[in-house]
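Below are the chains, spelled out letter by letter.
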Amino acid sequence: MSDEYREFDAADYIKTEEDARGLLSAAAFEDPGDGTVIRAALKHVARTQNMSALARDTGLNRGNLYEALSEDGNPTLATLLKVTRALGLRLRLEAVEDR
C-alpha cells in the first residue's frame, strides 16, 4: 500500500474572513522585517478570492497581481495597500512593546 501526499497549501485552510485576518495578523507578527511572510500570507488569502474581481478592485491586472504576490514578487507599499483594502482589511501600524 502506498501513501499519497500532496503539497501543503495554506489556502485550503482559509475558509472565513476571520481565518484570513488571523493568518495575516500572525504573518505581520512573525515577518522578519523584509515582508516575505506578509507577502506570502497575502498571496494565500488572495487565492481564496476571485482573483479577477480582486484585480479589478485593486486596479491591477491579474498577471501583475499574481507576479506581485509570487514567491519572487516584491510588491510596492501601494500594491499592498490596494490588496488589503480590496480584501476588506486595513493595514495598521502599532508600537512595538519591547522597544
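Just above, that's the structure.
Residues numbered from 1 in each chain as written. Predicted model: local features only at pLDDT ≥ 70, side-chain atom pairs only at ≥ 80, totals over all residues. Heavy atoms only, no water.

**Thoughts on the nonpolar core**
- Core analysis: the largest hydrophobic core is formed by 17 residues, its most contacted members being Leu 42, Val 45, Leu 54, Leu 65 and Leu 87.
- Counting residues per element, this core draws most heavily on helix H2 (residues 36–47), at four residues.
- Sequence-distant contacts of Leu 42, defined by excluding residues within four places in its chain, comprise Leu 24, Leu 69, Leu 80, Val 83, Thr 84 and Leu 87. (Core = buried A, V, L, I, M, F, W, Y, C linked by side-chain atoms within 4.5 Å. Buried < 20%, exposed > 50% of the residue type's maximum accessible area, 1.4 Å probe, protein only. Helix = DSSP H or I, 4+ residues; strand = E, 2+ residues; numbered from the N terminus. Contact = heavy atoms within 4.5 Å.)

**A word on the side chain of Arg 39**
- Looking at where Arg 39 falls in the secondary structure, it is placed in helix H2.
- Ignoring anything within four residues of it in the chain, the contact list for Arg 39 reads Ala 68, Leu 69, Ser 70, Glu 71, Gly 73 and Pro 75.

**Describing the side chain of His 44**
- Tracing the backbone shows His 44 in helix H2.
- Those residues in contact with His 44 that sit more than four places away from it in its chain are Asp 9, Ala 10, Ala 11, Ile 14 and Leu 23.

**Structural notes on helix H1 (residues 17–30)**
- Compared with an ideal rise of 1.5 Å per residue, which puts 14 residues at 20 Å, H1 spans 20 Å between its outermost C-alpha atoms and is within 8% of the ideal.
- Listing the buried residues of H1 in full gives Ala 20, Leu 24 and Ala 27. Angularly, the buried residues of H1 cover 60° about the axis, an arc narrow enough to put them on a single face. Opposite the buried face of H1, at more than 90 degrees from it, the exposed residues are Glu 18, Phe 29 and Glu 30.
- In the core, the buried residues of H1 are packed alongside H2. (Expected span 1.5 Å × (residues − 1). Arc of directions from axis to C-beta.)

**Overview of the packing of helix H3 (residues 51–58) against helix H5 (residues 77–86)**
- At a minimum axis distance of 9 Å, the contact between H3 and H5 shows a crossing angle of 120°. On the basis of their axis angle, the class for H3 and H5 is oblique. In this structure, H3 meets H5 at a crossing whose hand is right-handed. Contacts between H3 and H5 pair Leu 54, Asp 57 and Thr 58 from the former with Lys 82, Val 83 and Ala 86 from the latter.
- Looking at side-chain class alone, the contact of H3 with H5 contains three nonpolar, one polar and two charged residues. (Axes fitted to C-alpha atoms, helices over the stretch in contact; angles between N-to-C directions. Parallel < 35°, antiparallel > 145°, perpendicular 65-115°, else oblique. Left-handed = near helix turned anticlockwise from the far one by under 90°. Nonpolar A, V, L, I, M, F, W, Y, C, P; charged D, E, K, R; others polar.)

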